[in-house]
Amino acid sequence: ASGHQSLRATSTMRRKLSSLVGSGMAVRPSLLQKTSVGVASGFIQGMTGVGGGIVLTTALTRSMGLTQVQATGTSLAVKITGNVSAAATFAQSGLVDSSAAFWIALPAFLGVTHGARLGTRCGDVRMKMLFGGLLLTLSPFCAFGKTKKDLKKSSSDSSGESAVTAAAHAPAAAAAVAAAAKPSENGLRSVSQVMSTIYQDTLSDPKRMARHMAVGLGFGYCTGMLGVGGAPLVMTYLFMDMAGEKEQSVIGTTLCAITVPSIVGMGVHWTLGNIVWPMVPVLCAGSLVGGMAGAQASMGMNGEWMRYGFSGFLALLGGNTLWKARAAAKLIR
């Protein structure tokens, strides 16, 4: 009798733990479920620049039975299609800072490789705690982090020397804005024009480019280790860095910056066996359509309210994820 009770207690604990951190066994989701999740994640990613990976990872662990590590690798394989379709839509409208995107993406290669291997060595509970803590940390910065646009306005109200102050704050950003104001007829620039802009911006403000690289390295680690969380980091930084730009320009730049490192991260997780490939094709198709639709919807939305809404979403999801991870840790003990 004692052994039977012990077996029942162990079985109950396993079920509770599975509900908290994911069972690691795919539950054969329906075609409609996978399509809906793909479209929703792509739409959110295209509309706000962030959040698609969070929605996708959450759905993969809570509704489709994947572990956190499997969800990390699979989400990278899926959200790339949404990123590409949305980034192309923004680039066609001239809403991308090519210099920022380039210098953020370049060092992310190093971070994403090491981050993916580090994430594989971490347990599911620890991964979820890191994930939840990161979301809670970024939430207030997403909503209330000052941009250079705000600083420019403040200096204009308080001093007659606002033009000089604003120029001192963002010489490279001004050049980027001027370059973006003269796109080609279809909104896209040639490779030589893009590389020329990157070269000029680097020479005019190397410190700004160094900041881009530092953020890119942090983004790479977040993407490789957690699969999500890197995009909010990049976007929060760009909101505070880009002067006088539309929120849609920040979204477009973020999507361009995160796409190529995400491909590298996917490759690393592929070699580590963390991608559940049978789910990928349908999820990718939905993400592709959702990304284009989300980018189009973003064009006519109030960017400030989008930031506030997503900041609240980060706080709620981060708090819930952290609470579940702590509950799972107690069960393990």
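As the structure is a prediction and not an experimental result, all values here were calculated from the model.

(A) Spatial organisation of the environment of Tyr237. Within the secondary structure, Tyr237 is located in helix 12 (residues 230-241). The buried category is assigned to Tyr237, whose relative accessible area is 12%. In sequence terms Tyr237 and Arg211 are 26 residues apart; their C-alpha atoms lie 9.5 Å from each other. Apart from residues no more than four positions distant in its own chain, Tyr237 is found in contact with Ile104, Arg208, Arg211, His212 and Val215. Among the polar contacts made by the side chain of Tyr237, one reaches the side chain of His212 at a distance of 2.7 Å.

(B) Looking closely at the pattern of salt bridges. Under the criterion given, the structure shown has 3 salt bridges. Of the charged contacts, one joins Arg208 and Asp241 as a salt bridge, the two residues approaching to 2.8 Å between their closest N and O atoms. In this pair, Arg208 sits in helix 11 (residues 206-226) while Asp241 sits in helix 12, placing the two residues 33 residues apart along the sequence. A relative accessible area of 0% places Arg208 in the buried class.

(C) Up close: the packing of aromatic side chains. All told, the structure shown has 2 aromatic pairs when counted by the stated rule. Note on Phe102 and Trp103: the rings are 5.0 Å apart at their centroids and 85° apart in plane angle, and the pair reads as edge-to-face. When the centroid spacing of 5.1 Å and the interplanar angle of 65° are considered together, the rings of Trp270 and Trp277 count as edge-to-face. We classify Trp270 as exposed; its relative accessible area is 52%.

(D) Expanded view of the environment of Ala315. You can see Ala315 is positioned in helix 15 (residues 303-332). Look at Ala315 and you get partly exposed, because its relative accessible area is 30%. Once residues within four sequence positions are removed from consideration, Ala315 is found in contact with Leu136 and Ser139.

(E) Structural view of a nonpolar patch on the surface. Residues Leu106, Phe109, Met213 and Val260 make up a contiguous nonpolar surface patch of about 300 Å² in total accessible area. Tracing the backbone through its elements, the reader meets Val260 in helix 13 (residues 247-271).

(F) Quick peek at helix 4 (residues 68-92). Here helix 4 is 25 residues long and its end C-alpha atoms lie 35 Å apart, about the 36 Å a rise of 1.5 Å per residue gives. Of all the bends in helix 4, the greatest, near 30°, is centred on Lys79. Just downstream of helix 4, Gly94 is the residue with a positive phi angle, here 75°.

(G) Quick look at the confidence of the model for the chain. Per-residue confidence for the chain gives a mean pLDDT of 77, with 75% of residues at or over 70. Considering only residues more than four positions removed or in separate chains, one finds that residues 14-23, a stretch of pLDDT under 50, has 24 contacts. Predicted confidence for residues 160-186 stays below pLDDT 50, and this span has 26 contacts to residues more than four positions away or in other chains.

(H) Representation of helix 3 (residues 52-62) within the structure. Of all the 11 residues making up helix 3, 10 are buried; the element is thus mostly covered by neighbouring parts of the structure. Here helix 3 has its buried residues at Gly52, Gly53, Ile54, Val55, Leu56, Thr57, Thr58, Ala59, Leu60 and Thr61.

(I) Local environment of the packing of helix 4 against helix 14 (residues 280-298). At a closest axis distance of 7 Å, the pairing of helix 4 and helix 14 adopts a crossing angle of 30°. Judged on the interaxial angle alone, helix 14 and helix 4 are roughly parallel. The two elements helix 4 and helix 14 cross, and the hand of that crossing is right-handed. In contact with Thr74, Ala77, Val78, Lys79, Thr81, Gly82, Ser85, Ala86, Thr89 and Phe90 of helix 4, helix 14 contributes Val280, Leu283, Cys284, Ser287, Leu288, Gly291, Met292, Ala295, Gln296 and Ser298. Of the residues assigned to the contact of helix 4 with helix 14, the class counts are 10 nonpolar, 9 polar and 1 charged.

(J) Quick look at the environment of Pro140. Within the secondary structure, Pro140 is located in helix 6 (residues 124-144). When its relative accessible area of 38% is taken as the criterion, Pro140 is described as partly exposed. With 168 residues separating them along the chain, Pro140 and Tyr308 place their C-alpha atoms 9.0 Å apart.

(K) Structural view of the nonpolar core. One finds Ile54, Phe90, Val234, Leu238, Leu255 and Leu314 to be the most contacted residues of the largest nonpolar core, which totals 37 residues. Secondary-structure elements contributing two or more residues to this core are helix 4, helix 5 (98-121), helix 6, helix 11, helix 12, helix 13 and helix 15. Examining the composition of this core, we find that 6 residues originate from one element, helix 12, more than from any other. Counting residues in each nonpolar core, the second largest holds 18 residues, with Val37, Val78, Met266 and Val280 among its members.

Quick notes on the rules
Numbers given for residues are sequential positions, taken from 1 along each chain in its written order. Local features are withheld for residues below a pLDDT of 70 in this predicted model, meaning they are given only at 70 or higher, and side-chain atom pairs are given and counted only at 80 or more; totals for whole chains, interfaces and linings count all residues. Note: side-chain values were computed over all heavy atoms of the structure, leaving out hydrogens and water. By definition, any uninterrupted DSSP run of H or I lasting at least four residues is a helix, any uninterrupted run of E lasting at least two residues is a strand, and each is numbered from the N terminus. Working definition: with a 1.4 Å probe on protein chains only, accessible area under 20% of the residue-type maximum means buried, over 50% means exposed, and in between means partly exposed. Note on contacts: a residue pair is in contact if any heavy atoms of the two residues lie within 4.5 Å. Contacts described as polar in this section are N or O atom pairs within 3.5 Å, which, within protein, must combine one atom able to donate a hydrogen with one able to accept it, while residues neighboring in sequence count only if both atoms come from side chains. In what follows, salt bridge is the name for a side-chain nitrogen of Lys or Arg lying within 4 Å of a carboxyl oxygen of Asp or Glu. Whether two aromatic rings pair depends on their centres lying within 6.5 Å, for rings of Phe, Tyr and Trp, where Trp uses its six-membered ring; planes under 30 degrees apart make the pair stacked, over 60 edge-to-face, and the rest tilted. Without a salt bridge and with relative accessible area above 30%, a residue can belong to a patch; like charges are then joined within 9 Å and nonpolar side chains (Val, Leu, Ile, Met, Phe, Trp, Tyr) within 5 Å. Only the protein chains shown count as covering a residue, and every accessible area follows the Shrake-Rupley method with a 1.4 Å probe. The span you would expect from a helix comes to 1.5 Å times its residue count less one. The bend reported for a residue corresponds to the angle between axes fitted to the seven residues ending at that residue and the seven starting there. Known as pLDDT, the predictor's confidence for each residue is given on a scale from 0 to 100. Each axis is a line fitted through C-alpha atoms, and for a helix only the stretch in contact is used; angles between axes span 0 to 180 degrees, taken between their N-to-C directions. For classification purposes, angles smaller than 35 degrees are called roughly parallel, those larger than 145 roughly antiparallel, those between 65 and 115 roughly perpendicular, and all remaining angles oblique. Helix crossings are classified by the rotation of the near helix relative to the far one: an anticlockwise turn of less than a right angle makes the crossing left-handed, while a clockwise turn makes it right-handed. Here the nonpolar group is Ala, Val, Leu, Ile, Met, Phe, Trp, Tyr, Cys and Pro; Asp, Glu, Lys and Arg are the charged ones; every other residue, Gly included, is treated as polar. Residues belong to a common nonpolar core when they are buried Ala, Val, Leu, Ile, Met, Phe, Trp, Tyr or Cys residues joined through side-chain atoms within 4.5 Å.

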